Amino acid sequence: MSPGDPGEQLRHRPSVPMPLTVDPVSGRAAGPRSGGSAGGVSGAGRGPDADDTRFQSDCARCVALCCSALAFSRGDDFAHEKPAGKPCRNLDENLGCSIHAVLLERGYRGCTVFECHGAGQRVTQETFGGGDWREGEGLRDAMFAVFPLVRQLHEVLWLLTEARRRTADRPLLRRIDALFDRVDAQAASPDVAVLRAAVESSRPAAGELLGAVSREVRRAHAPRRRASGAWSRVEPRGVYLGTDFSGGDLRAVELRGALLIAAKLRGADLRWADLLGADLRDAELHGADLRHVLHLTQPQLAAAFGDATTQLPDSLTRPRHWKGGRR
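Attention in this report is confined to the structure presented alongside it.

Definitions and cut-offs
- Residues numbered from 1 in each chain as written.
- Predicted model: local features only at pLDDT ≥ 70, side-chain atom pairs only at ≥ 80, totals over all residues.
- Heavy atoms only, no water.
- Phe/Tyr/Trp six-rings, centres within 6.5 Å; stacked < 30°, edge-to-face > 60°.
- Helix = DSSP H or I, 4+ residues; strand = E, 2+ residues; numbered from the N terminus.
- Buried < 20%, exposed > 50% of the residue type's maximum accessible area, 1.4 Å probe, protein only.
- Salt bridge = Lys/Arg side-chain N within 4 Å of Asp/Glu carboxyl O.
- Polar contact = N/O pair within 3.5 Å; in protein donor to acceptor, adjacent residues only side chain to side chain.
- Contact = heavy atoms within 4.5 Å.

**Quick notes on the packing of aromatic side chains**
All chains considered together, the criterion is met by 4 aromatic pairs. Ring centres of Phe55 and Phe180 lie 6.1 Å apart, and the angle between their planes is 80°; this geometry places the pair in the edge-to-face category. In this pair, Phe55 sits in the loop between α1 (6-11) and α2 (65-68) while Phe180 sits in helix α6 (residues 170-187), placing the two residues 125 residues apart along the sequence. Its relative accessible area of 0% is what places Phe180 among the buried residues.

**Observations regarding unusual backbone geometry**
Positioned with a positive phi, His292 is a non-glycine residue whose angle comes to about 70°. Residue placement: His292 occurs in the loop between α7 (192-221) and α8 (298-302). Given a relative accessible area of 38%, His292 falls into the partly exposed group. The phi torsion at His295 lies on the positive side, around 60°, for a residue other than glycine. Of note, His295 is situated in the loop between α7 and α8.

**Focus on the pattern of salt bridges**
All told, the structure shown has 21 salt bridges when counted by the stated rule. Across the salt bridge formed by Arg122 and Glu126, the nearest N and O atoms sit 3.3 Å from each other. One end of the pair, Arg122, and the other, Glu126, are both in helix α4 (residues 119-127), 4 residues apart, so they sit about a helical turn from each other. The salt bridge partner of Arg266 is Glu284, with a shortest N-O separation of 2.8 Å. Of this pair, Arg266 sits in the loop between α7 and α8 while Glu284 sits in the loop between α7 and α8, placing them 18 residues apart in sequence.

**Some remarks on the side chain of His321**
Checked against the element boundaries, His321 lands in the segment after α8. A polar atom in the side chain of His321 sits 3.0 Å from the backbone oxygen of Ala302. There is a polar contact of 3.4 Å between the side chain of His321 and the backbone oxygen of Ala304. Those residues within four positions of His321 in sequence are excluded, and the remaining contacts are Leu104, Arg109, Thr112, Val113, Ala302, Ala304 and Phe305.

These values are about where atoms sit, not about what they do.
Structure representation (structure tokens):
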């Protein structure tokens, strides 16, 4: 598979801004024990439209797996270093975050941008039948090994769910449904070897389908434009560190895998743009139009800065550290 392949971009999508995690694919670190959206767990074979809440974190139905199983390093995003498998020092006896209300002020921005896509409650309630890692060393090791892998698979499932809503191509829909059901079934396994194999196989397969959806959508919405402009300066996997695209017309452009760290995107029109794997750390999205954007995840969005004037797709929530709060 070449570096430009959609599956490769899905495999190496950049993490939210944190130096080190135990996640070998997308590298995200532990997050807070906050009250998430209600989300059930369900079995495989139902297709992407079965339950819109499945891929939203529901901390009340988890046992603080993100705060215990994953690692993070001290730096701009975490105030202390934590190895994998060791509970965060801010975790209280009820598996809640003792500093949740002041995470940003205490130097834990990384916690505020983490999203498990519902893997925490699935591993807790479904895979291990409501088990608690504090019950014994064997259960702890098993849950901590499974959780990071299921989280990666749930991100793939979330992306497939969103992609399904963007295409009217029936053969493509059938392929998305088939891959979704296969990955969903694999994600239910407690076997680490099965989960690792599923991660390796699902990413290129999903990347191919996401690429097909992207081409269909962008082709349908590509505007007629002048020969020059912001859109003519971008390309997939491009490096745009701190680049000023303020007010630019970036509709239906392909920015998958692009490095947009600290890029100035204030007031930019990004509708129908493909942002799969784009690194948006510290990007300025104030006033930007992200409605209808393709393949953008909540952690990517939360790694950037924006405000109440940033227009978002219905599938994403305004990060709480942005000015203007959640929509």
